[in-house]
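What follows is the residue order along each chain.
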Amino acid sequence: MYRIESELAALKEQNNFRMIPHGSDNAVADFSSNDYLGIGADESFQKDFIHSLSNIPLLTSSASRLLAHNQNEYFELESLLESLYGLPALLFNSGYHANTGLISTLGDKNTLIVADKLVHASIIDGYKLSEADMVRFRHNDVGHLEKILKSKAGDYARVIIVVEGVYSMDGDSAPISDIVTLKTGFENTLLYVDEAHSFGVCGNSGLGLTADFPDAGKIDIMIGTFGKAAASMGAFAVMHPMLKEYAINRARSFIFSTAVPPFNCAWTKYVVERIPAMKDRRDKLKKVIGAFVENLDSEKVNIKHPSHIIPVIVGDSEKSIRLSKHLYQEGLKVLPIRTPTVPPGTERLRISFSSSLSVEDAKRLALTLNKLL
């Protein structure tokens, strides 16, 4: 217990101690949510779903997918996803379950995982659960990735390149086209793209960056989540039929987890069916982002990649906490992001935009930041 007590004391001393927030305040403009399309805040949309139901789906699965009696809602959602992406889909309980399950399953002792330096913790945890070796390449540096592949790919039966569609803390995107071009030169290489923060938002139909890619078939595994833009819970993987069968038989996070409730799958299906037609929400989101960028003092904050996630790098935990508190007092909720979520020295405010926010909200945030910074 002494070691735990001392670690907690150190976290407090370093301003990296975390607590679960209590309650909610509807009076503030929330720039901390991943509800990018505003569906989670849209009560009328949710009521329409309830009214559409002829029967209430079960509120619990009571078992894993391999044991559950009622599979209708799961199969219907997976069929919908297959119709949208042209490849089989497999549901997971969360993006974390999808990444830890698939990475650990595919990563045997003859596998090398080559991951972008900024990939999500769930991918790193999947690697730790695997028998694979791992090398990290500099963020979005295709030249560095190529150097690693030329040096090491020949030593392994399989290489898995892992990147994200939109990076959750930086808001920039992987150079997928360049990576696909590079990947084609290595026959034993799979490309794994986590689109957790791009599903619903990016692409002509909101299906992510890879869905519109001319060589989408060269992307071997695509991960999407439902807990962000889709305002639900769970995740999915789109992949080759053989990889899906392998995951069903080997992915421990799939085999040994009680499945999400059928009710949630019905709600998710209702949302996903409508996401391709939600161009108005995506357009509104762009206007909100644009209002923020236009009114922010570029000399104080350098925005390299304007997207629905914009970081304001502070470089200090205590200062990021203080700025967040000042913003909240002004009716603006923006949370501080600290190490170990981001590397030391890159502590920041993470601004997350939603189409439920107004252009005026975004403008007010930018002008307030101009004063505080």
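Residues numbered from 1 in each chain as written. Predicted model: local features only at pLDDT ≥ 70, side-chain atom pairs only at ≥ 80, totals over all residues. Heavy atoms only, no water.

**Student:** Summarise the packing of helix α4 (residues 95–106) against helix α8 (residues 241–250); cite the residues concerned and give the values.
**Tutor:** For the pair α4 and α8, the least separation of the axes is 10 Å and the interaxial angle reads 100°. Relative to α8, the element α4 lies roughly perpendicular. Between α4, through Leu102, Thr105 and Leu106, and α8, the contact on the second element is made entirely by Leu243, Tyr246, Ala247 and Arg250. Split by residue class, the contact of α4 with α8 holds 5 nonpolar, 1 polar and 1 charged. (Axes fitted to C-alpha atoms, helices over the stretch in contact; angles between N-to-C directions. Helix = DSSP H or I, 4+ residues; strand = E, 2+ residues; numbered from the N terminus. Parallel < 35°, antiparallel > 145°, perpendicular 65-115°, else oblique. Contact = heavy atoms within 4.5 Å. Nonpolar A, V, L, I, M, F, W, Y, C, P; charged D, E, K, R; others polar.)

**Student:** I'd like to hear about the sheet that holds strand β9 (residues 309–313), residue by residue, with values.
**Tutor:** Strand order in the open sheet formed by 3 strands is β9-β12-β11, with antiparallel pairing between adjacent strands. Of all the strands in the sheet, the pair left with one neighbour each is β9 and β11 (335–337). Sheet twist, expressed as the average angle between the axes of neighbouring strands with direction ignored, equals 35°. Note that β9 and strand β12 (residues 348–352) share 5 bridges and pair antiparallel. What sits directly across from Val312, in β12, is Leu349. Along the sheet, helix α12 (residues 317–329) makes contact with β11 and β12, crossing β12 at roughly 40°. (Pairing = 2+ DSSP bridges.)

**Student:** Any chance you could break down the pairing of β12 for me, citing the residues and the numbers?
**Tutor:** Burial runs high along β12: 5 of the 5 residues are buried. Residue alternation in β12 divides its side chains into two sets, Arg348, Arg350 and Ser352 and Leu349 and Ile351, and both sets are buried. As paired strands, β11 and β12 are joined by 3 bridges and run antiparallel to one another. Residue Pro336 lies in a different strand from β12, and its bridge partner there is Leu349. (Buried < 20%, exposed > 50% of the residue type's maximum accessible area, 1.4 Å probe, protein only.)

**Student:** Now, about the environment of Lys319: what can you tell me, with residues and values included?
**Tutor:** Mapped onto the elements, Lys319 comes out in helix α12. Note on Lys319: relative accessible area 35%, which makes it partly exposed. Linking Lys319 and Ser355, residues 36 residues apart in sequence, is a C-alpha distance of 29 Å.

**Student:** Describe the environment of Gly86, and please don't skip the residues or the numbers.
**Tutor:** Mapping Gly86 onto the fold places it in the loop between α3 (72–85) and β2 (89–92). Residues Gly86 and Asp42, spaced 44 residues apart in sequence, show a C-alpha to C-alpha distance of 30 Å.

**Student:** If you had to explain empty space enclosed by the protein to someone new, which residues and values would you point to?
**Tutor:** Scanning all chains against the criterion turns up 3 cavities of 30 Å³ or more. Within this model, the largest cavity holds a volume of roughly 90 Å³. At the level of secondary structure, the elements contributing two or more residues to the lining of the largest cavity comprise β2 and α9 (252–255). In this structure, the second largest cavity spans a volume of roughly 40 Å³. (1 Å grid on protein atoms, 1.4 Å probe; cavity = no way out; pocket = protein on both sides within 12 Å on 5 of 7 lines; lining within 4 Å. Points joined across faces, edges and corners; volume = space filled by probe spheres on them.)

**Student:** So, the packing of aromatic side chains: which residues are in play, and what are the values?
**Tutor:** Counted according to the given criterion, the structure contains 13 aromatic pairs. Seen from their ring centres, Phe49 and Phe263 are 5.7 Å apart, and the 75° between their planes marks the pair as edge-to-face. One end of the pair, Phe49, is in helix α2 (residues 43–52); the other, Phe263, is in helix α10 (residues 262–274), with 214 residues separating them in the sequence. Geometry around Phe17 places Lys12 over its ring, the cationic atom sitting 4.8 Å from the centre. When the ring centre of Tyr270 is taken as origin, the NZ or CZ atom of Arg274, which lies over that ring, is 3.6 Å away. (Phe/Tyr/Trp six-rings, centres within 6.5 Å; stacked < 30°, edge-to-face > 60°. Lys NZ or Arg CZ within 6 Å of the ring centre and 35° of its normal.)

**Student:** Account for the packing of helix α11 (residues 279–295) against helix α13 (residues 359–372), with residues named and values stated.
**Tutor:** α13 packs onto α11 with a crossing angle of 25° between their chain directions and a minimal axis gap of 8 Å. It follows that α11 is roughly parallel to α13 by the angle criterion. Regarding α11 and α13, the two cross each other, and that crossing is right-handed. Every residue of α13 that contacts α11 at Lys287, Val288, Ala291, Phe292 and Asn295 is listed here: Val359, Ala362, Lys363, Leu365, Ala366, Leu367, Leu369 and Asn370. In the contact of α11 with α13, the residues fall into 9 nonpolar, 2 polar and 2 charged. (Left-handed = near helix turned anticlockwise from the far one by under 90°.)

**Student:** Give a description of unusual backbone geometry that names residues and reports values.
**Tutor:** Note on backbone geometry: most residues besides glycine have negative phi, and most peptide bonds are trans. With an omega dihedral of 15°, the bond running from Thr339 to Pro340 counts as a cis peptide bond. By secondary structure assignment, the location of Pro340 is in the loop between β11 and β12. The phi dihedral of Ser62 falls on the positive side, at around 65°, and the residue is not glycine. Take Ser62: it is sitting in the loop between α2 and α3. The phi dihedral of Ala231 falls on the positive side, at around 55°, and the residue is not glycine. Note that Ala231 resides in the loop between β7 (221–225) and β8 (235–239).

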